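Structural overview for review
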Amino acid sequence: MYSEKLPPPVALVTGAGSGVGRAVALKLAAEGWQVALTGRRPDPLQETVSLTGPAATRCLALPCDLGEADAVARLAADVLARFGRVDAVICAAGTNAPKRSWSELSLEDYHALLAGNLHAAFHCTRAFLPGMRERRAGKFVYINSEAGLRASAKSGVAYVAAKFGLTGLAQSLNAEERRNGISACSIFPGDIDTPILEKRPEPPDAEARSRMMRPEDVAACVWLALSLPSRAVVEELVIRPA
């Protein structure tokens, strides 16, 4: 739990309506943080807020199409108007498409997957970086994928390209902004039992899901990245099912 003697820190969590994003939002709210939650659909975001219980008064749900730079700029203005600052941005939004191979992927899906998995994180980083730079403090955590380390046919070309891009985005942020007190952590999970599995060409059955990680496992990694003292940073963390 965050010390009550200090102002509660503020986080923006993307993809907070389900899966890893929801688990991260719940973890941070339980630890005493103020949390801005965003994603495309308002109802799942409000459901996440309700799940925080008494901490709901410290949460703000703001639907947003993160693939649109102007929409993210408006989101940032709303978050800063409510909380005054953002100490951490956790980019957990992500998507895929059933037809994802080179032989099936449509141009429309390619652009949509780049927007949802890479551009969204770029827009959020760009929107909140100036305030962190001014305060000389801030953390970004990107929920990547093992597909951001090694390509696989299972993940599909657009998803792999986006996640490799996300890896480079985080590395470039550390390279340029560490002198300003800003750090980035990329988390590379293996299979997690989340709703995105329904978008696979052949969704896994219950037995296969039972062997996967849970969103809470990844949320614990996010908490590690955020709770370390500013003198230390986990730049990359790989977590896979045991």
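Just above, that's the structure.
Report on the accompanying structure. (Residues numbered from 1 in each chain as written. Predicted model: local features only at pLDDT ≥ 70, side-chain atom pairs only at ≥ 80, totals over all residues. Heavy atoms only, no water.)

A look at the packing of aromatic side chains
Each aromatic ring pair is characterised by the separation of its centres together with the angle its planes make. One pass over the structure, following the stated rule, counts 2 aromatic pairs. Consider the rings of Trp33 and Trp223, whose centres lie 6.4 Å apart with planes at 75 degrees: the pair is edge-to-face. Taken together, the residues Trp33 in the loop between helix 1 (19–30) and strand 2 (34–39) and Trp223 in helix 7 (residues 215–227) connect sequence positions 190 residues apart. The exposure class assigned to Trp33 is buried, which follows from its relative accessible area of 7%. Geometrically, the ring pair formed by Phe140 and Tyr142 is stacked, given 6.3 Å between the ring centres and 5 degrees between the ring planes. Take Phe140 and Tyr142: they sit in the same class, and that class is buried. (Phe/Tyr/Trp six-rings, centres within 6.5 Å; stacked < 30°, edge-to-face > 60°. Helix = DSSP H or I, 4+ residues; strand = E, 2+ residues; numbered from the N terminus. Buried < 20%, exposed > 50% of the residue type's maximum accessible area, 1.4 Å probe, protein only.)

A short note on the pairing of strand 1 (residues 10–14)
Most of strand 1 sits out of view: 5 of its 5 residues are buried. Residues Val10, Leu12 and Thr14 line one face of strand 1 and the alternating positions Ala11 and Val13 line the opposite face, and both faces are buried. Inspection of the sheet shows strand 1 paired to strand 2 by 5 bridges, in the parallel sense. Considered in strand 2, the bridge of Leu12 is made with Ala36. The β-α-β motif built from strand 1, the intervening helix 1 and the parallel element strand 2 has right-handed crossover chirality. (Pairing = 2+ DSSP bridges. Right-handed = clockwise from strand over helix to strand, strands pointing away.)

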